[in-house]
Amino acid sequence: MARWCYRHRLVVLLLWVGALFGLGFSASTAGTNYANVFSLPDTDSKSAYDLMEKAFPDTSGDTDTVVWKVDDGSVRDQAVQDRIRPVLDDIAKMPGVGAVTSPYGDRGAAQVSKDGTIAYAQVTFVKRANEVPKELVQDVVDTAQRAERTGLQVELGGQAIQRVQEPPQGLSETVGIVAAAVVLFLAFGSFFAMTLPIAIAVFGVGTGLFATQLLSHTTDVPDIAPLLASLIGLGVGIDYALFIVTRHRRGILRGLDPEESAVTALNTSGRAVLFAGGTVCIALAGMLVTQLRFLDGVVIGTSLTVVLSVLAATTLLPALLGFLGPRVLSRRQRRRLAAQGPEPESASGLAARWSTAVEKRPRRTAALALVFMAVLAIPVLSLRLGATDQGNDDASTTTRKAYDLLAEGFGPGFNGPLQVVTEGGGTDPLVKGLQDTPGVAQVAALPPARGVTVIQVVPTTSPQSVETDRLIDRLRDDVIPAAGVEAHVGGVTAVSKDFSTVTGDRLPLFIATIIGLGFLLLLVAFRSLVVPLTAALMNLIAAAASFGVLVAIFQWGWGLELLGLGREGPINAFLPVIMLSLLFGLSMDYQVFLVSRMHEEWVHTRDNARAVRVGLAETSRVINSAALIMVCVFMAFVLSGDSGAAVAGVGLAAAVALDAFILRTALVPAAMHLLGDSNWWLPGWLEKRLPHLAVEPKEEAAPSAGGTAETRADGGPASAVHGFVRTAEGEPVRGASVTLLSSGGRQLDRVASLADGSYILSVPAPGTYLLAATAPSYGSRARHVVVGEGPLVYDVELPEVAEGEVDAVN
């Protein structure tokens, strides 16, 4: 497929451009139909909501608030009323506004603070917040703030109002792409090479977002889904292309024709990309076991974007490589290649020196990494799930100012009132019991409607307070049963508490599911029990440390002012599920790219120390570059204006940085050095029963003249390869390991060279094979050899390895 895409590059490019613009046109024509469905069946707050919807069907839309405060006098002064009344009347006449409840009406006394300096009006839309047109909301904001003058402050709060103060769409994505482009240019030194991963990410994310927008008309997709899809899509799209382009550039530098280099890159790194993309989708699908409908649309949007990003990396990228040819290298690299010829097959520089250092001191490296991660994980012990509200917004926003004014005038619990809903009469004992309950500041029973009575209960504490959670439990467990009526506690605060409880109860099953699925995938891919066990443990360590960082920043408030993310509060209940899915998927990506190179070396040499050393030296630089790009992309989502996306962006940025720079670069290779050959152990009975899913190129049978492997009549080998192993000066190398492998990497024969450097290997049949040779203190050589009907004479020259280099078989 890679060769076809390379040779038919114009056709592939036109198909992708057509798909992008076709989906874009269809999506813009159809519009959006995102819906936040917080369905919590069998919860008390859901029962309360159902009764309220039955009693008040015309006012089930979003209710927002207009708050005003006077510096002198009272809000009841005629001059203040003359400025506020016309504004509220204009808002009430707007199409899409169901009702406006003014403090200047017959029952408006409760909407004025005791000192008379603060008042509020409630604006009820006919639709929910995400369905209210932004143009209408902006008109409400502009109309209300016309009443402002010196000494009269007017602010607005509510979910619909919050939507119009978000930054322009696409700002975070643009900043993330620009930051990624800078990192890519520094990594490649070539403008053309830099544009390749960016182009793949744009096509993958663009088609994914347009497709998700179209799907929102057929299923429930929350409005945060496209934001999370673009967040994860940009990260994986750039990273996957980076891995393939890096392998392709290395192939050209080592003398391969651009087409052959592209095919080889797709057949090696491309396979790892397919596998890694599959693991991300499986990790995302793990959210479905929570049975929270809100997350179903998130799974659809993010998984679809990841799939299309993988498809772009494996089809569009080879086509673009065909357009560039050798220009994927920088000018300096092209000049050096023309003047000096192909580069040696060795990894040098900081990556090689670090790899050697880890091999020499694995215990110290592992201990330091574990201690560092454990310290970062300490705050996770105080993790508290909940829901952020407008009290967590930035202090400069109108929603935060309205929230603070209401708390100042009516108490901290006013921003999160509880609704005790009951069907039938006899509510007097319940009202009396609620008034006598500690932690209740105010109780007001609304007139019954359709047999349903709603009792407004204002706590003395803020919606995010632990005491408010305890008050809800007290009302449900003690107060309501003591009143002898059937009632349910609802409201936004109660819904948030129930959502947190349900999420926390289902989190262990979710974690077990994604760890188990990841374990099985790695078990099948690498034919090892220890590698997937190590990966599972590392994922848990990364999750604990990243959530520790989240708690320290967003719950404890460390550094919030620097990030401009408002005030501290609990961690949103849905974030652990979303973050763990993304984190486990991305962690598996790095594990696959790192261990697949180690496994490739292990298959060739059966030397664990060498496999780990070479694998780390050759992949650590590209993994760290990929991680740096992801950190930039994720941190850019702080600018999105969505608190959930901002927290997820910071958390994922921390998780990726810790995973790549600490775990995959230090702890994983150190642990693999300590475990030795047991890294690759798999019981024989399990080996026979596992399906074959190799990340490396597919095993190919050695061809023969007759199409099948042949042997001599006496049962011996059909042919042989023999020769001498010597240094560049012609000196014999004794004890060199010489291995014959099939083109797919299966070891066929292995010998050690004699004192005079001679060796002889058995060949099962004529065909093409890989001959690899290595020796201590020397580099390695791996070349394809073609064996005919008779023995082949092939001498091997091993170079000396300079200090700071790690030799590699490719």
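To keep things clear, this report deals only with the structure shown in the data block. These figures come from a predicted structure and were not determined experimentally. (Residues numbered from 1 in each chain as written. Predicted model: local features only at pLDDT ≥ 70, side-chain atom pairs only at ≥ 80, totals over all residues. Heavy atoms only, no water.)

### What to know about the sheet that holds strand β9 (residues 452–459)
What the four strands build is an open sheet, ordered β8-β9-β7-β10; its pairing is antiparallel. Edge positions in the sheet fall to β8 (440–445) and β10 (487–490), since each has one partner strand and no second. For this sheet, the mean inter-axis angle between neighbouring strands, taken without regard to orientation, is 20 degrees. Relative to β10, strand β7 (residues 418–423) is paired through four bridges, and the arrangement is antiparallel. Within β10, the position partnered with T422 by the bridge is A487. (Pairing = 2+ DSSP bridges. Helix = DSSP H or I, 4+ residues; strand = E, 2+ residues; numbered from the N terminus. Axes fitted to C-alpha atoms, helices over the stretch in contact; angles between N-to-C directions.)

### Quick notes on the sheet that holds strand β2 (residues 97–101)
Strand order in the open sheet formed by four strands is β2-β3-β1-β4, and the pairing between neighbours is antiparallel. Edge positions in the open sheet fall to β2 and β4 (152–157), since each of these has one partner strand only. On average, each strand axis in the sheet is tilted by 20 degrees relative to the strand beside it, whichever way the strands run. When β2 meets strand β3 (residues 118–125), the two strands line up antiparallel, connected through four bridges. Considered in β3, the bridge of T101 is made with Q122. Against the sheet, helix α5 (residues 134–145) contacts β1 (63–70), β2, β3 and β4, and its axis sits at roughly 165 degrees relative to β4. Sitting on the sheet, helix α15 (residues 398–410) is in contact with β1, β3 and β4, with an inclination near 110 degrees to β4. (Contact = heavy atoms within 4.5 Å.)

### Quick look at the pairing of β9
With seven of its eight residues buried, β9 lies for the most part within the structure. Here β7 pairs with β9 via six bridges, running antiparallel. In the strand pairing of β9, V421 is matched with V454. Bridge count between β8 and β9: five bridges; the pairing is antiparallel. Across the sheet, A445 pairs through a bridge with I455, a residue of β9. Adjacent in sequence and paired antiparallel, β8 and β9 are bridged by six residues, among which R450 carries a positive phi angle near 55 degrees. (Buried < 20%, exposed > 50% of the residue type's maximum accessible area, 1.4 Å probe, protein only.)

### Brief notes about the environment of V154
Locating V154 in the fold gives a position in strand β4. On the accessibility criterion, V154 (0% relative accessible area) is buried. Along the chain, V154 and E618 lie 464 residues apart, while their C-alpha atoms are 60 Å from each other.

### Topic: the pattern of salt bridges
Note that side chains of opposite charge can pair when their charged atoms are close. Applying the stated rule across the entire model yields 18 salt bridges. A salt bridge links R476 to D498; the nearest nitrogen and oxygen atoms lie 2.8 Å apart. Here D498 lies in helix α18 (residues 492–526) and R476 lies in helix α17 (residues 466–483), a separation of 22 residues in the sequence. Owing to a relative accessible area of 8%, D498 belongs among the buried residues under this scheme. The salt bridge partner of D795 is R726, with a shortest N-O separation of 3.8 Å. With a gap of 69 residues between them, D795 in the loop between β18 (792–793) and β19 (796–798) and R726 in strand β12 (residues 719–727) connect regions that are remote in the sequence. One continuous salt-bridge network, built from bridges that share partners, spans R3, R7, E259 and E260. (Salt bridge = Lys/Arg side-chain N within 4 Å of Asp/Glu carboxyl O.)

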